[in-house]
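Observations on the model geometry
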Amino acid sequence: MGTIDLPKSPNVFHPEKPSAVGSRNSLAQEYRDQQAEVNQLLEEEANKVIHHLTAKLPKDVLERLDVMGGLKEKLYNYFNQNYQNMFNRYMVTAEDEMVKKVRNFIDREETNVLARYTPDEISKLLDAVGGADKFNTGEIEKSIVNMYGHLQGHVQRGINELETHTNTLLRQKMDTGAFIRGENAYSVVKCAFKDNIKRPVNITDVKMSINVLESELISPIFHYQVTMEFLVKDLLSKHIIDQIDRDVEKLKDSLVDRGAEELSDSEILFTKIGKVEAHTDDDITNERSRRYSMVSKSIMEKLSDLRAEIDPDSFDQLNVRENLKKIIDMENIRNRGFNTAINSITSILDTSKMGYQYIENLKNGRELIIREYEDTDVENLPDERYQIKMKYLDNAQLNEERKAYDTQFKSFETEVLHVWDIIQVMYEGSKRFGRITDFKDLAKKYRKAVRTKIKDKTGDPVYEEIDKVWDEFSFVKPAETEVERSNRTYLHEKNRIRQQFILMRKSLNGMYGHQYPVERRVVEDRLFFLEGRYSLFDYMINPYHIQPGLILDIDITSIKRKKATLNSMANVLNEFLHGVSKGFQDAAFASFSRRRSTVRADINQSFGPAVEEPPVTPRSASSAYLDILNFGADDSIPAIAAPKGGAAGGRRSKASAGLPKRAGAGKRGRKPSKR
């Protein structure tokens, strides 16, 4: 059949030419008498309607109708028009499209054969340019995906805000539960609600401290000063861990497929530990060491002292280390994690309509400061405001923070004890000679009588000779262990200082009453200053409670009846944690990627003796599926593995029927794994 007999449909339109656009004839029908087939079909459908009318309508109505004349002709024409226009032309078009696909496939294969005599680049270029059917929709698809992604984000944000407001209204909470959701509660280091110093009745000050650990960050954060060697080693370590996880997953899948017992949590852990030496070792000096299997020893030595910046005097674009640095910098591993966190918090604040007038991004220090208002004077600020401080801390920085915290607390203790001693001297000096003012004066008066009349007879030591271990401020502190020395809470010491502040004010009131001499005013000013600074210090995060990672420190001032900033910041914080943190993961639950089947091996029971079947070589799912296709519906499907002890006529299982085994299929009745 020549090319004239096979016209290309997009260029030919004719109602009768085979395979033309709009034609009622097709080459795929091999010149069948299409008109006769249609006439037969229409005649049958028209006769069916006429017979139906004859059976259903009354006799007097049929006599009035020209049943064998105009009615049948109208029905015939109606069926003819609709069937011919819809069904027939639809079939012709479908057949023509199939013919075009085959023709285009043949043309493409012929072009590929001819391309061997043409340079490969030219043939690919011509194919890429192509015709009308060659159109790249990748960018449009990306735009649509982005549009739907933004839409879904806005909808999700609205749902989260509605959920938070609904829970707040239903529970009427004004505490931590109204501020942060339960799924993020694990990351809270400190949350404190207290009344504002200036306006305690109407204003609330909230301190919220969040700690996202390094292992929980979706995008890891590195300090700007870390070496290139540290970055490369971190990437290699992640690659090794991922490879070990893949090996363990393959082992678990193979055990499940064979019907063996699954690995327990401890077995999975020890398996991972045992596979570490297969990927790396501690031999640093040997160039053939497994630790240098991916990156050679010479390259690691060149990266050892290479940091974020190179001295311009020694910079050479053709050196190996400069090119290595350029390759690593192109991936932006050093700044990617911290920049992601900054973009996340700022974009969430913008979309949540929580503007900010002041932002300071200490990029090299990995610290971000955001304030709603630029002014820091509390007297000039409104009652609804917030301040966010986000910082990344490593272990070395935390050690220095802990040293500074210890020093600051010792300084507070020294200053408070100094005022305590002065007030004690003032109190003792204010007593009149011979007058009993407190219990200490009474005990001093009767000390000799107690010794002679009681202690000498019993032989017990007097009160003054007994060592005092209770300071009467707080209960006796237990001895420190290594846990307390490594994680100092200072709760005992802070409670003692608070009690000292209370007792010192009571002593001043007892000494002077309503009188305000110079001594009292000076001491009260000093107490007021120390209490204010100590309150700010107690409000800070104890660095002993922080682990290396991202620290988010939020200070909020909100009106108690309004709580606008409080509710908005709750949504911001929960959305930020969802976008930056992977969240808490329990390894006991995360380790089970496949579940066992509920199929039991002994479900098909019989009264006859069990027949041991020879072992069958397991077959792949694709070969089993081909066996099903090769046999007809009435044929028996060849069994891959016969069921054990199956009775005659028993139901064939999936394995015996050649069907692929369901993921996680195993035997029932085994001891379930602990989760």
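Residue positions within a chain follow its written sequence, with the count starting from 1. At least 70 in pLDDT is required for a residue's local features to be given in this predicted model, at least 80 for side-chain atom pairs to be given and counted, and no such filter applies to totals for whole chains, interfaces and linings, which use all residues. Calculated side-chain values reflect all of the structure's heavy atoms, with hydrogen atoms and water omitted.

Let's shift gears to the sheet that holds strand 3 (residues 358-362). Two strands qualify as a pair provided that DSSP identifies no fewer than 2 bridges between them. Each helix is a run of H or I in the DSSP string that is no shorter than four residues. Each strand is a run of E no shorter than two, and both are numbered from the N terminus. The strand order across the open sheet built from six strands is 1-2-6-5-4-3, with neighbouring strands paired in antiparallel fashion. Sheet topology places strand 1 (188-195) and strand 3 at the edges, where each strand pairs with a single neighbour. Direction aside, neighbouring strands of the sheet carry axes that sit 5 degrees apart on average. Looking at chain direction, strand 3 and strand 4 (residues 367-371) are connected through five bridges and run antiparallel. Opposite Tyr 358, over in strand 4, you have Arg 371 as the bridge partner. Every residue pair with non-hydrogen atoms within 4.5 Å of one another is taken to be in contact. An axis is simply a line fitted to the C-alpha atoms; with a helix, the fit covers only the stretch in contact. Between two such axes, the angle follows the N-to-C directions and lies from 0 to 180 degrees. Each of strand 3, strand 4, strand 5 (385-393) and strand 6 (549-559) touches helix 11 (residues 333-351); the most contacted strand, strand 4, lies at about 10 degrees to it. Packed on one face of the sheet, helix 18 (residues 564-580) meets strand 1, strand 2 (203-213), strand 5 and strand 6 and runs near 165 degrees to strand 6.

Moving on: the packing of aromatic side chains. Only Phe, Tyr and Trp rings take part, Trp by its six-membered ring, and two of them pair if their centres are within 6.5 Å. Stacked means planes under 30 degrees apart, edge-to-face means over 60, and tilted covers everything else. The tally for this structure, following the rule as stated, stands at eight aromatic pairs. Centre to centre, the rings of Phe 409 and Tyr 490 are 4.5 Å apart; their planes meet at 35 degrees, and the pair counts as tilted. With a gap of 81 residues between them, Phe 409 in helix 12 (residues 395-429) and Tyr 490 in the loop between helix 15 (482-486) and helix 16 (491-512) connect regions that are remote in the sequence. Taken as a pair, Phe 409 and Tyr 490 share a single burial class, namely buried. Of the aromatic side chains, those joined through ring pairs into one cluster are Tyr 405, Phe 409, Phe 412, Tyr 490, Phe 501, Tyr 534 and Phe 537. The criterion is that NZ of a Lys, or CZ of an Arg, lies within 6 Å of the ring centre and within 35 degrees of the ring normal, and then a charge sits over that ring. Against the face of Tyr 463 rests Lys 468, its NZ or CZ located 4.3 Å from the ring centre. The ring of Tyr 516 has Arg 520 sitting right over it, with the charged end atom 4.2 Å from the ring centre. Each residue's exposure class comes from its accessible area (1.4 Å probe, protein chains only) as a fraction of the maximum for that residue type: buried when under 20%, exposed when over 50%, partly exposed otherwise.

What follows is about unusual backbone geometry. Unlike most non-glycine residues, Arg 366 shows phi in positive territory, near 55 degrees. Considering the arrangement of structural elements, one finds Arg 366 in the loop between strand 3 and strand 4. Even without a glycine there, the phi angle at Tyr 490 is positive, about 60 degrees.

Let's shift gears to helix 14 (residues 447-458). With twelve residues, helix 14 should reach 16 Å at 1.5 Å per residue; the first-to-last C-alpha distance of 16 Å fits that figure. Among the residues trailing helix 14, Gly 459 stands out with phi positive, at a value near 80 degrees. By this rule the span expected of a helix is its residue count minus one, scaled by 1.5 Å.

This next bit is on the side chain of Lys 325. Along the polypeptide, Lys 325 turns up in helix 10 (residues 320-330). In terms of polar contacts, Lys 325 uses its side chain to reach the side chain of Asp 329, at 2.5 Å. When near neighbours in sequence (up to four residues on either side) are disregarded, Lys 325 contacts Met 228, Leu 306, Arg 307, Ala 308, Glu 309 and Ile 310. For this analysis, a polar contact is any N or O atom pair within 3.5 Å, provided that within protein one partner can donate a hydrogen and the other can accept it, and provided that sequence-adjacent residues contribute only side-chain to side-chain pairs.

Moving on to the environment of Glu 214. With respect to the helices and strands, Glu 214 occurs in the loop between strand 2 and helix 7 (228-258). Judged by its relative accessible area of 39%, Glu 214 is partly exposed. The spacing of Glu 214 and Ser 581 is 367 residues in sequence and 9.3 Å in space, taken between C-alpha atoms.

On to the packing of helix 12 against helix 16, then. Relative to each other, helix 12 and helix 16 sit at 25 degrees, their axes nearing to 10 Å. In terms of their interaxial angle, helix 12 and helix 16 are classed as roughly parallel. Considering how the two elements wind past one another, helix 12 and helix 16 form a crossing that is left-handed. For the pair helix 12 and helix 16, contact is made by Tyr 405, Phe 409, Glu 413, Val 416, Leu 417, Val 419, Trp 420, Ile 423, Met 426 and Tyr 427 and by Glu 493, Lys 494, Arg 496, Ile 497, Gln 500, Phe 501, Leu 503, Met 504, Ser 507, Leu 508, Met 511 and Tyr 512, respectively. For classification, angles of less than 35 degrees are called roughly parallel, those exceeding 145 degrees roughly antiparallel, those between 65 and 115 degrees roughly perpendicular, and all remaining angles oblique. Here a crossing is taken to be left-handed if its near helix is turned anticlockwise relative to the far helix by less than a right angle, and right-handed if that turn runs clockwise.

Within strand 4, five of the five residues are buried, leaving the element largely enclosed by the surrounding structure. Residue alternation in strand 4 divides its side chains into two sets, Glu 367, Ile 369 and Arg 371 and Leu 368 and Ile 370, and both sets are buried. Two strands pair when backbone bridges link them, and strand 4 and strand 5 are joined in this way by five bridges, in the antiparallel orientation. Bridge assignment links Ile 369 to a residue of strand 5, and that residue is Lys 389.

On to the nonpolar core, then. Residue types Ala, Val, Leu, Ile, Met, Phe, Trp, Tyr and Cys, when buried and joined through side-chain atoms within 4.5 Å, form a set referred to as a nonpolar core. Ranked by internal contacts, the top residues of the largest apolar core, which has 30 residues, are Leu 349, Met 390, Leu 550, Met 569 and Phe 576. Elements that contribute at least two residues to this core include exactly strand 2, helix 11, strand 4, strand 5, strand 6 and helix 18. A total of seven residues in this core trace back to one element, the largest contributor, which is helix 18. The residues touching Leu 550, leaving out its near neighbours within four places in the chain, are Ile 210, Asn 211, Val 212, Leu 217, Ile 221, Ala 341, Met 390, Lys 391, Tyr 392, Phe 576 and Val 580. Listed in part, the 23 residues of the second largest apolar core include Ile 423, Tyr 427, Tyr 512 and Tyr 534.

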